[in-house]
Amino acid sequence: MKHIGYLNVLLLFILTMSSNSYGKEKSQFSKNHYFGETPPGLTPQPFAPGIVNTKKWGDSVGFSPDVNTIYVKRWRHSREVEQPESHIFKNVANQWHKTLMPDDMLKPFYSPDGQTQYHKSKYRERTADGWSEWKSLGQKFEEVRIMGLTTSAEGTLVFDENARHKDGYGTLFYSRLIDGKREDPKPLPKEINTGRWNAHPFIAPDESYILWDGEREDGYGEADLFISFRQKDGSWGDAINLGSAINTEVREGGPTVSPDGKYLFFNRMVPRTDDSGKQQSDVFWVSAQIIEDLKNIQ
């Protein structure tokens, strides 16, 4: 009887591990850091359908610096529907394991070296035992109502403000780290802060460019993705629309480049699959070569 009881416990353990391990369910997940998905070329493709992109509205994706942890944050778009589940995927020994992300957990924005995490106006630093407590960047940052924040290897922060509190006119800000001291937020120049909507910025680790989404009269529809390259004199160049290969008549937003520099990820509104006629936000990815191509023709 003890032998039978031991077998039952062992079987339960195996079933539990199988249900939590995407490496067991889909062997192709162990091929690379991106769930085994075929890398995209210069045409954007939906990222990990059925895993990241689901029938639930509102997907955003974030990565740890080693790309072994992927955060998929989903949020409720309507008060009439249940809050969708968000998840954390961890790649352990080339097998992906999914865990539930608590509703109150923040999707972190990492510094390029992985030693600091940011969320809105707060940050925390890596310690020998894990992470420090969350600290405030300062009162001036708390006044901005930050939605998205990104940082360069030199510690320059680039972030937005919740445009809903500014009649839809959002401003992108920056803050440098000078001699170890954080300067107060300053708006980026008019080459970037033009149009009705500017939000969700990403600054390259080497500060060679800034990506963001914005609304302009000469755009393709709703919000488009734009890029500004750092000029030889240190200024920021005119905003460049990423073009029809990326932007469509619907809303694109939330650009971020993977920590390995290989792929550009962003959100795009797509038709829902429930025949409701409504749209939802899905994550797309495309080769980051598109950034180099734009830089060479500017």
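To be clear, the structure that these remarks concern was listed above.
Read on for an overview of the structure. (Residues numbered from 1 in each chain as written. Predicted model: local features only at pLDDT ≥ 70, side-chain atom pairs only at ≥ 80, totals over all residues. Heavy atoms only, no water.)

A closer look at the sheet that holds strand S23 (residues 279–287)
Turning to step 1, where the next piece is worked out: Reading across the sheet, the four strands line up as S1-S23-S22-S21 and stay open at both edges, with antiparallel pairing between neighbours. If you trace the sheet from one side to the other, it starts and ends with strand S1 (45–46) and strand S21 (252–257), each paired once. (Pairing = 2+ DSSP bridges. Helix = DSSP H or I, 4+ residues; strand = E, 2+ residues; numbered from the N terminus.)

Description of the pairing of strand S18 (residues 209–215)
Turning to step 1, where the next piece is worked out: Most of S18 is tucked away, with six of its seven residues classed as buried.
Turning to step 2, where the next piece is worked out: With five bridges connecting them, strand S17 (residues 197–203) and S18 associate as antiparallel partners. Across the sheet, the residue bridging to tryptophan 197 is glutamate 215, located in S18.
Turning to step 3, where the next piece is worked out: Bridge count between S18 and strand S19 (residues 224–229): six bridges; the pairing is antiparallel. Bridge pairing in S19 places glycine 214 opposite aspartate 224. (Buried < 20%, exposed > 50% of the residue type's maximum accessible area, 1.4 Å probe, protein only.)

Thoughts on the packing of aromatic side chains
Turning to step 1, where the next piece is worked out: Within this structure, the stated rule accounts for 22 aromatic pairs.
Turning to step 2, where the next piece is worked out: With a centroid separation of 6.0 Å and an interplanar angle of 35°, the aromatic rings of phenylalanine 35 and phenylalanine 47 are classed as tilted. Placement of phenylalanine 35 in the loop between helix H2 (22–25) and S1 and of phenylalanine 47 in the loop between S1 and strand S2 (59–63) is noted, with a sequence separation of twelve residues between them.
Turning to step 3, where the next piece is worked out: For phenylalanine 35, a relative accessible area of 0% translates into the label buried.
Turning to step 4, where the next piece is worked out: Residue phenylalanine 47 is classed as buried on the basis of its relative accessible area of 0%.
Turning to step 5, where the next piece is worked out: Put simply, the rings of Tyr34, Phe35, Phe47, Phe63, Phe89, Trp96, Tyr263, Phe265 and Trp285 pair up and form one aromatic cluster.
Turning to step 6, where the next piece is worked out: Taking the ring centre of phenylalanine 226 as reference, the NZ or CZ of arginine 216 above it sits at 4.9 Å.
Turning to step 7, where the next piece is worked out: Across the ring face of phenylalanine 284, the terminal group of arginine 268 is positioned such that the distance to the ring centre comes to 4.7 Å. (Phe/Tyr/Trp six-rings, centres within 6.5 Å; stacked < 30°, edge-to-face > 60°. Lys NZ or Arg CZ within 6 Å of the ring centre and 35° of its normal.)

Brief notes about the sheet that holds strand S4 (residues 86–92)
Turning to step 1, where the next piece is worked out: One open sheet holds the four strands; their spatial order is S2-S3-S4-S5, and the pairing between them is antiparallel. Since the sheet does not close on itself, it has two edges, and those belong to S2 and strand S5 (95–101), each with one partner. For this sheet, the mean angle separating the axes of adjacent strands, direction not counted, is 20°.
Turning to step 2, where the next piece is worked out: In this structure, S2 lies alongside strand S3 (residues 69–74), joined through five bridges in antiparallel fashion. In the strand pairing of S3, phenylalanine 63 is matched with isoleucine 70. (Axes fitted to C-alpha atoms, helices over the stretch in contact; angles between N-to-C directions.)

Overview of the nonpolar core
The tendency in soluble globular proteins is for nonpolar side chains to be buried as a group.
Turning to step 1, where the next piece is worked out: Ranked by size, the top nonpolar core spans 18 residues in total, and within it Tyr209, Leu211, Ile227, Leu242, Leu264 and Ile291 carry the most contacts.
Turning to step 2, where the next piece is worked out: Mapped onto this core, the elements with two or more residues apiece are S18, S19, strand S22 (263–271), S23 and helix H4 (289–297).
Turning to step 3, where the next piece is worked out: Every residue in contact with isoleucine 291, bar those within four places of it in the chain, is listed here: Tyr209, Leu211, Ile227, Phe229 and Val257.
Turning to step 4, where the next piece is worked out: Core analysis: the second largest hydrophobic core is formed by 17 residues, Tyr34, Phe35, Val61 and Trp285 among them. (Core = buried A, V, L, I, M, F, W, Y, C linked by side-chain atoms within 4.5 Å. Contact = heavy atoms within 4.5 Å.)

Topic: H4
Every α-helix winds through 3.6 residues per turn, so residues three or four apart in the chain are directed the same way.
Turning to step 1, where the next piece is worked out: All buried positions along H4 are accounted for by Ile290, Ile291 and Leu294. Looking straight down H4, one finds its buried side chains confined to an arc of 105°; they lie on one side.
Turning to step 2, where the next piece is worked out: Of the surrounding elements, those touching the buried residues of H4 are S18, S19, strand S20 (240–241), S21, S22 and S23. (Arc of directions from axis to C-beta.)

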